[in-house]
Amino acid sequence: DGGITQSPKYLFRKEGQNVTLSCEQNLNHDAMYWYRQDPGQGLRLIYYSQIVNDFQKGDIAEGYSVSREKKESFPLTVTSAQKNPTAFYLCASSPANYGYTFGSGTRLTVV
Amino acid sequence: AQSVTQPDIHITVSEGASLELRCNYSYGATPYLFWYVQSPGQGLQLLLKYFSGDTLVQGIKGFEAEFKRSQSSFNLRKPSVHWSDAAEYFCAVDTSGGSYIPTFGRGTSLIVHP
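Computed from a predicted model, the values in this text were never measured in an experiment.

(A) Structural context of the interface of chain A and chain B. Facing the 21 residues of chain A at the interface are 20 residues of chain B. Across the chain A to chain B interface the summed buried area is about 1600 Å²; carbon plus sulfur atoms make up 59%. The interface formed by chain A and chain B holds zero salt bridges in total. Seen at the junction of chain A and chain B, the total is two residue pairs in polar contact (both at pLDDT 80 or more). Elements with a contribution of two residues or more to the side of chain A that touches chain B: strand E4 (31-37), strand E5 (43-51) and strand E9 (87-94) of chain A. If you tally residues by element for the side of chain A that touches chain B, the top one is E5(A), at four residues. Partitioned by chemical class, the residues of the side of chain A that touches chain B number 11 nonpolar, nine polar and one charged.

Here it is as structure tokens:
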């Protein structure tokens, strides 16, 4: 079955450490997105990519980086510059404007 | 800039009762409109979407939504709620006309009493 796979489901980061969240899709969707979800704040866009080798900053890109070397993959790196990274991270993909398909999320906690 | 308001943070209903979740948007033209549902610890699932045409849209799991241009609203309804409908519901609005970057509301948490 087609879908989006996010891994790991849970991730723990030490202070000053970079971590990478994986997002893979086999839906042949051109566009991919990363959102951050905090309680009571809905979803906030971090980065998005509409074609391979191109990506754009969203509303809260500071402290994050991405790459889009393959259509299927859109990994997110949470760098040490992100001072408050504890959150639930959601990856999504979209075939133009037909609505998103979301992954099941990665919960990142700073320890 | 577009904005989406979900006025109710929490909604509590009894199982079998009807449900209406409110969504209002701010935008001059007709946007693309979406409703998503999120179970605890999971990603979001698309319930239904409106682009144009018939203003009453049918979705999955027995949900429907009605676009009312005069009220800038896109309220989600279900005639009879089941306990499994307890979840977080998000309205989203896309006015980008091609960039496909929707703005999400803050969500409404649905609690279902037996």
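Structure's up, so let's keep going.
(B) Highlighting the side chain of A:Thr79. All names here are of chain A. Here Thr79 is to be found in the loop between strand E8 (76-78) and E9. Using a relative accessible area of 17% as the deciding quantity, one classes Thr79 as buried. Within the structure, the side chain of Thr79 is placed 3.0 Å from the backbone oxygen of Gly63, a separation counted as a polar contact.

(C) Summary view of the environment of A:Glu24. Residue and element names in this part refer to chain A. Looking at the secondary structure, you find Glu24 in strand E3 (residues 19-25). For Glu24, a relative accessible area of 31% puts it in the partly exposed group. Distance from Glu24 to Gly3, taken between C-alpha atoms, is 8.4 Å for residues 21 residues apart in sequence. With residues near it in sequence (within four places) discarded, Glu24 still touches Gly3, Ile4, Thr5, Glu72 and Ser73. Within the structure, Glu24 has its side chain in polar contact with the side chain of Ser73 (distance 3.0 Å).

(D) Spotlight on the sheet that holds strand E7 (residues 64-66) of chain A. All names here are of chain A. Strand order in this open sheet of four strands is E1-E3-E8-E7, and the pairing throughout is antiparallel. Across the chains shown, the open sheet's two edge strands, defined by having one partner strand only, are strand E1 (4-7) and E7. Sheet twist, expressed as the mean angle between neighbouring strand axes with direction ignored, is 20 degrees. When E7 meets E8, the two strands line up antiparallel, connected through three bridges. By the bridge assignment for E8, Tyr64 is matched with Val78.

(E) Quick peek at the packing of aromatic side chains. For the structure on display, the rule yields 19 aromatic pairs over all chains. Judged by centre distance (6.3 Å) and plane angle (50 degrees), the rings of A:Tyr100 and B:Phe104 are tilted. Placement of A:Tyr100 in the loop between E9 and strand E10 (101-102) and of B:Phe104 in strand E11 (residues 103-104) is noted, with the two residues assigned to different chains. Among the residues examined, A:Tyr100 registers a relative accessible area of 5% and is labelled buried. The buried category is assigned to B:Phe104, whose relative accessible area is 8%. Ring geometry for B:Tyr36 versus B:Phe104: centroids 5.7 Å apart, planes at 45 degrees, classification tilted. Of this pair, B:Tyr36 sits in strand E5 (residues 32-38) while B:Phe104 sits in strand E11, and the two are 68 residues apart along the sequence. Here the two residues B:Tyr36 and B:Phe104 agree in accessibility, since each one is buried. We note A:Arg68 situated over the ring of A:Phe74; from NZ or CZ to the ring centre the distance is 5.9 Å.

(F) Geometry of the pattern of salt bridges. Residue and element names in this part refer to chain A. For the coordinates displayed, the defined rule picks out seven salt bridges over all chains. As a salt-bridge pair, Asp38 and Arg36 come within 2.8 Å of each other at their nearest N and O atoms. Where Asp38 meets Arg44, a salt bridge forms, and the shortest distance between an N and an O atom there is 2.8 Å. Residue Arg44 is classed as partly exposed on the basis of its relative accessible area of 27%. Overlapping salt bridges, with partners in common, bring together Arg36, Asp38 and Arg44 in one network.

Each value, and the rule that gives it
Residues numbered from 1 in each chain as written. Chains lettered and ligands numbered in written order. Predicted model: local features only at pLDDT ≥ 70, side-chain atom pairs only at ≥ 80, totals over all residues. Heavy atoms only, no water. Contact = heavy atoms within 4.5 Å. Buried area = accessible area lost by both parts, 1.4 Å probe. Salt bridge = Lys/Arg side-chain N within 4 Å of Asp/Glu carboxyl O. Polar contact = N/O pair within 3.5 Å; in protein donor to acceptor, adjacent residues only side chain to side chain. Helix = DSSP H or I, 4+ residues; strand = E, 2+ residues; numbered from the N terminus. Nonpolar A, V, L, I, M, F, W, Y, C, P; charged D, E, K, R; others polar. Buried < 20%, exposed > 50% of the residue type's maximum accessible area, 1.4 Å probe, protein only. Pairing = 2+ DSSP bridges. Axes fitted to C-alpha atoms, helices over the stretch in contact; angles between N-to-C directions. Phe/Tyr/Trp six-rings, centres within 6.5 Å; stacked < 30°, edge-to-face > 60°. Lys NZ or Arg CZ within 6 Å of the ring centre and 35° of its normal.

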